[in-house]
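Summary of the model geometry
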Amino acid sequence: MRKIAASVLTTLVAGLGSGCALAADGDGTLKIGGALRARYDYTFDNPQNVSKLSLDTFRLDVNYDSPGLYGSAQYRFYGGTYPYDYTSQVGRINFPAFAWLGYKLSEQTRVVAGLQQLPFGLMPYASSTFYQTLVNNIGLEDVHDLGVKVQHQWGAMDFQFGFYPRDGGSWAGTSRDGARYSVNVARADTGLAGGSSNQERNIMLGRWAYTLSGTGAERSEVGVSLLHSTLHNLDTGEDGNRAAYALHYAGSVGGLGILAEAGRQRMSPRNTSAQGNGSVSFGAFDGTFNVAAKGRFYSAEINYLLPGSFAAINTIKPYLNYSLFTKDQAGFKDSQRMIAGASFNAGPFFVYTEMRWGKNDPYTGDYANGAAAGGEDVWKKAFYANIGYYF
């Protein structure tokens, strides 16, 4: 898997390299950049609360655009600082977020191949938050897998269809199968209670969106998405399946924005009898955790982009997001997350500040089984800030 994804990344870089010559002729534009980000974490509900300022991420970005060919790639490095201070090596954990090439067949139709985002639900994100929503934790937000996508615009309608034979693979890290950007079905790390060993294959998706009115600052969109895939269990050798659907709405009037998404996910794995079929292990960012096999998900947000600027501070955007994952299996506790925060530019920096509350939330105190059977079933809270220098 890693070799396949590496091949895609190499092909893209080679293709973009050839694009440099096109750029010299004025036919295309090649941009190479990246980001260096720091983070501050404060937790309120641990026996020993965390209060740490740390290096977060170093990333490299490559983007190319021309009348026909276009593409994008991003590679990330973590490690050596909180919460990756279990390894002393900076950059020990690294993986691509995406690496793809596209071709514009016409003004209305495009084809994209490589490690790219699945066309599902609100895109590119279900919220304005840095920590994203519980939809991300169950593998249905900001997911990039290896495959081909066709996009066609017909008036106010946008159709996207994708086929992804594999996910993007696990790269460099300490996790057995979780050294990846996207939250994917994965082989559980040793010691994860109830962990399973599945691999997702042959992911098929369709997304339809309709622009109700306007463009730019005054725009609204409704849409529906469908997903189906095979879950191959590496212990039993048997195939199960995964199906999901989502309805979404995105609207903005002036500076006011509303984002909403609701849907259902049903996974029917063929785990071992010891593991049971009530949950499936997922992995991302050098770790693995369990997710309930069947449930409904919801996310709703209101945000506002303030006009004007205050000294060197501009594009100030406060937001409030709530997400919920309700589970079918008896005895499984529902997961909830609420984030109140704001993002803004401060000179050359882009900053997120967030207060996060979570109940049975894998990112707010109940990592291993919060999204599955549940954790302590109490609200926990944390403060987070991310300061990024983008170049």
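Since we're looking at a predicted model, the values are computed, not measured.

What follows deals with the pattern of salt bridges. Under the definition given, this model contains 17 salt bridges. Ionic pairing is found between Asp 177 and Arg 180, a salt bridge with its closest N-O pair at 3.0 Å. Each of the salt bridges in this network shares a partner with another, and the network as a whole consists of Arg 37, Arg 39, Asp 41 and Asp 56.

Moving on, we get to the pairing of strand S13 (residues 279-284). The two faces of a sheet get side chains in turn, since along a regular strand they alternate between them. When you tally the buried positions in S13, you get 6 out of 6 residues, the bulk of the element. Side chains of S13 alternate between two faces, with Ser 279, Ser 281 and Gly 283 and Val 280, Phe 282 and Ala 284 buried alike. Here strand S8 (residues 184-185) pairs with S13 via 2 bridges, running antiparallel. Directly across from Val 185, in S13, lies its bridge partner Phe 282. Linking S13 to strand S14 (residues 287-292), which pair antiparallel, is a turn of 2 residues; within it Phe 285 sits at a positive phi near 50°.

Mapped onto the fold, Asn 184 is located in strand S8. In terms of polar contacts, Asn 184 uses its side chain to reach the side chain of Arg 180, at 3.1 Å. Apart from the residues lying within four places of it in its own chain, the contact partners of Asn 184 are Val 143, Asp 145, Asp 167, Gly 168, Ser 281, Phe 282 and Gly 283.

Let us look at the nonpolar core. Formed by 27 residues in total, the largest nonpolar core has its most connected members in Phe 120, Leu 140, Leu 227, Phe 282, Val 291 and Phe 297. Listed by contribution, the elements that provide at least two residues to this core are strand S9 (198-213), strand S10 (219-233), strand S11 (239-253), S13 and S14. Counting residues in hydrophobic clusters, the runner-up holds 12 residues, among them Tyr 75, Ile 93, Phe 95 and Trp 100.

What follows covers the confidence of the model for the protein chain. Residues with a pLDDT of 70 or more make up 92% of the protein chain, whose mean pLDDT is 92. Every residue in residues 1-9 is under pLDDT 50, and counting partners more than four places away or in other chains gives 19 contacts.

Strand order across the open sheet formed by 3 strands is S8-S13-S14, with antiparallel pairing between neighbours. The open sheet has two edge strands, S8 and S14, and neither has a second partner.

When you line up the elements, Asn 386 lands in strand S20 (residues 379-390). Side-chain polar atoms of Asn 386 contact the side chain of Tyr 384, separated by 2.9 Å.

Along the chain, Ser 128 turns up in the loop between strand S5 (109-117) and helix H2 (134-137). C-alpha separation for the pair Ser 128 and Leu 324, spaced 196 residues apart in sequence, amounts to 16 Å. Beyond its immediate chain neighbours, meaning those up to four positions away, Ser 128 contacts Leu 259, Glu 301, Asn 303, Lys 317, Tyr 319 and Tyr 352. A polar contact of 2.6 Å, which involves the side chain of Ser 128, links it to the side chain of Glu 301.

The next subject is unusual backbone geometry. Residue Tyr 82 is joined to Pro 83 through a cis peptide bond whose omega torsion reads 0°. Here Pro 83 lies in the loop between strand S3 (69-78) and strand S4 (93-104). Across the junction of Met 123 and Pro 124, the peptide omega takes the value 5°, indicating a cis bond. For Pro 124, the location among the structural elements is in the loop between S5 and H2. Within the chain, Phe 285 stands out as a residue other than glycine whose phi angle is a positive 50°. As for its position among the elements, Phe 285 is in the loop between S13 and S14.

Cut-off values and rules
- Residues numbered from 1 in each chain as written.
- Predicted model: local features only at pLDDT ≥ 70, side-chain atom pairs only at ≥ 80, totals over all residues.
- Heavy atoms only, no water.
- Salt bridge = Lys/Arg side-chain N within 4 Å of Asp/Glu carboxyl O.
- Buried < 20%, exposed > 50% of the residue type's maximum accessible area, 1.4 Å probe, protein only.
- Helix = DSSP H or I, 4+ residues; strand = E, 2+ residues; numbered from the N terminus.
- Pairing = 2+ DSSP bridges.
- Polar contact = N/O pair within 3.5 Å; in protein donor to acceptor, adjacent residues only side chain to side chain.
- Contact = heavy atoms within 4.5 Å.
- Core = buried A, V, L, I, M, F, W, Y, C linked by side-chain atoms within 4.5 Å.
- pLDDT = per-residue confidence, 0-100.

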